[in-house]
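# Structure at a glance
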Amino acid sequence: MAITVTHRRSRSSTMAISTSAFAFRAFASSIFVVVALFFTLSILFTSSSDHANLNTAGYSASFIGGGSIRRTVLALKSDPFKPRVDQIRKQADDHCTLALAYASYARKLKLENSKMLRVFADLARNYTDLLNKPSYRVLFESDSLLIDESLLRQFEKEVKEHIKVTRQVIFEAKESFDNQLKIQKLKDTIFGLNEQLIKAKKQGAFSSLIAAKSIPKSLNCLAMRLMEERIAHPEKYSDEGKTLPPALEDPKLYHYAIFSDNVIAASVVVNSAVKNAKDPSKHVFHVVTDKMNLGAMQVMLTMKDYNGAHIEVKAFEDYKFLNASYVPVLKQLESAKLQQFYFENKLENATKDTTNMKFRNPKYLSMLNHLRFYLPEMYPKLHRILFLDDDIVVQKDLTGLWNIDMDGKVNGAVETCFGSFHRYAQYMNFSHPLIKEKFNPKACAWAYGMNFFDLDAWRREKCTEQYHYWQSLNENRTLWKLGTLPPGLITFYATTKPLDKSWHVLGLGYNPSISMDEITNAAVVHFNGNMKPWLDIAMSQFKSLWTKYVDYENEYVQACNFGL
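Here's what I pulled together on the structure shown here.

So, how was this worked out
Residues numbered from 1 in each chain as written. Predicted model: local features only at pLDDT ≥ 70, side-chain atom pairs only at ≥ 80, totals over all residues. Heavy atoms only, no water. Helix = DSSP H or I, 4+ residues; strand = E, 2+ residues; numbered from the N terminus. Buried < 20%, exposed > 50% of the residue type's maximum accessible area, 1.4 Å probe, protein only. Contact = heavy atoms within 4.5 Å. Areas by Shrake-Rupley, 256 points an atom, 1.4 Å probe, with all protein chains shown as cover. Pairing = 2+ DSSP bridges. Axes fitted to C-alpha atoms, helices over the stretch in contact; angles between N-to-C directions. Lys, Arg positive; Asp, Glu negative; His and termini not counted. Salt bridge = Lys/Arg side-chain N within 4 Å of Asp/Glu carboxyl O. Disulfide = S-S within 2.5 Å.

## Describing the overall build of the protein
The helix and strand inventory of the protein stands at 21 helices and 10 strands. Within the protein, the proportion of its 564 residues that are buried is 42%. Residue pairs in contact within the protein that sit at least 24 positions apart in sequence constitute 75% of those at least 6 positions apart. Total accessible area computed for the protein in this model is approximately 32,400 Å², and 56% of it derives from carbon and sulfur atoms.

Dropping the structure here:
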């Protein structure tokens, strides 16, 4: 009984499982039928729509002609030639751009007139012309659904030919372009280095000017100590109320003019001249400075015994005729432009004119530098006078100069020209019509520093008036670049007598190659240049020629450690 019941239950379960499997199969079949029906309807709808569009546009289902093929509407919708057309066109555009880039490089390398530039320009133009051909434009129109394969092949062939030519030209030109680029980079590098060199030269020249024209600490100390002595004992050094020695105006004696604000330099000039003079008592030294240094100069030149030589110390302000209404330089000092030129305190502006930077030194505004043009008026009773710069050293007796026949000339000086150097053309602007008309550019220049002047001839030739005329014309610096040598060359043009070169040897302040034989035989050696003997930058081989005349026994020189 129990067995029968169990068998019935098992049979009922088997029947239930069979029923479920059949239901699942039926459901899956129905789903598949629905999906298949959906795709079929979609395809039919799309096909009818494409046929309608083709008929509307006037297209048939097939093409007739050489190489034509029949394709389905679905194939027309995604034409396999379209990507190929786009790829070929991209290659043409890329190589066109490449040709234009090389043409641009050619222009940058300044090859406008070269064949290379024209070749690359033609290549780029050929690509543009090819892409703009009416027969090929059909391939690129967005609404074209069918592409002629034979036309595509022809287009591809032409593009490949252009690419081949372009690559060949680039290969041949590459070496030339690389060399040109290297040359251009080298030129740019050289230009940049040259700019740096010019800037360094300007800064160096400016620094050299500062080193040359600055007052050393020991020299400033000496001037201050001497001034203290002058203030402490005015009765010892003042000329007020004293009768001037008649020797100061005696034309039979040997007179010297020294204009300086440097107390140690002026003392060396006097000391060297006295020590080498045969009879110092016949020599008269007229030292002129400015009011600020007058006291120090009086003390310095009074403290030492010069073996009977006569010394006069004055300030140029004591000469009342030297005023702005009479002296062109003093009048020009009132010009704002001239003041800016001299006193410019910005490096980039102060170093614009490197060649003539030395003339920007304010000393060229100093009346001490222009007193040399007023000697006849300063010393009206004298007939002859020897002008000495404060950077010279006298090595021999100079009285022989007074025995020279001046031949009616005003200025006795040593000429400095050799070859094409130190000619008038180097000191004056011969593009100016006045200069060109009056002077010979090849005329030989001479040197200031030791000049023997015949004051009677000076007055006869009216040289001071000549100086005033030309100095007034040069207010804007169009005739010469400042300084006192150019106006001196003009003022004493054709009135200068050349002296033997042994009287005056120049260059000890800049030329280290001067022979010692030449220096030894010289009556006067001149430290013209930036390397003055009282500066640390002085040339050591020449410095002893100057230092041996420094009065190291002077208590104030010792106190200021001068020369150490």
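## Examining the sheet that holds strand S1 (residues 254-259)
Taking strand neighbours across the sheet as the criterion, the 7 strands line up as S3-S2-S1-S4-S7-S6-S8 in an open arrangement whose pairing is mixed. Each end of this open sheet is capped by a strand with a single partner; those strands are strand S3 (310-315) and strand S8 (496-498). Across the sheet, the axes of successive neighbouring strands diverge by a mean angle of 25°, strand direction being ignored. Strand direction decides the pairing type here: strand S4 (residues 384-388) and strand S7 (residues 450-454), joined by 5 bridges, are antiparallel. Looking across to S7, one finds that Phe387 is bridged to Asn451. Docked against the sheet, helix H9 (residues 263-275) engages S1, strand S2 (283-289), S3 and S4, running at close to 175° with respect to S2. Strands in contact with helix H10 (residues 291-302) are S2 and S3; relative to S3, the strand with the most contacts, it is inclined by about 165°.

## Quick word on the side chain of Glu312
As for its position among the elements, Glu312 is in strand S3. Of the side chains with opposite charge, Lys314 comes closest to the buried, unpaired Glu312, at an N-O distance of 4.4 Å. If near-sequence neighbours (up to four positions away) are discounted, Glu312 is found in contact with Leu248, Phe285, His286, Val287 and Tyr379.

## Description of the environment of Arg423
Relative to the assigned elements, Arg423 resides in the loop between strand S6 (411-413) and helix H15 (433-438). Sequence-wise, Arg423 and Ala445 are 22 residues apart; in three dimensions their C-alpha atoms are separated by 5.2 Å. Every residue in contact with Arg423, bar those within four places of it in the chain, is listed here: Cys417, Pro441, Lys442, Ala443, Cys444 and Ala445.

## Some points on the state of the cysteines
On inspection of all chains with the given rule, the structure shows 2 disulfides. Each sulfur of the disulfide joining Cys221 and Cys560 lies 2.1 Å from the other. Its torsion about the S-S bond being -75°, the disulfide of Cys221 and Cys560 is classed as left-handed. Remark: Cys560 occurs in the segment after helix H21 (555-559) and Cys221 occurs in helix H7 (residues 217-232); sequence separation between them is 339 residues. What makes Cys221 partly exposed here is its relative accessible area of 22%.

## Points about the environment of Leu219
Here Leu219 lies in helix H7. By relative accessible area, Leu219 is classed as buried at 8%. For the pair formed by Leu219 and Asn262, sequence separation is 43 residues and the distance between their alpha carbons is 8.2 Å. Ignoring sequence-local partners within four residues, the contact set of Leu219 consists of Asn262, Val263, Ile264, Trp534 and Phe562.

## Describing the pattern of salt bridges
With the rule as written, the count across this model stands at 13 salt bridges. For Glu156, the salt bridge identified is with Arg84, shortest N-O distance 2.6 Å. A residue pair is termed long-range when its members are at least 10 positions apart, and Glu156 in helix H6 (residues 149-213) and Arg84 in helix H3 (residues 81-108) qualify at 72 residues. The buried category is assigned to Glu156, whose relative accessible area is 16%. Judged by its relative accessible area of 28%, Arg84 is partly exposed. Two residues, Asp456 and Arg459, come together in a salt bridge whose shortest N-O distance is 3.1 Å. You can see Asp456 and its partner Arg459 sitting in helix H16 (residues 455-461), 3 residues apart, about one turn around the helix.

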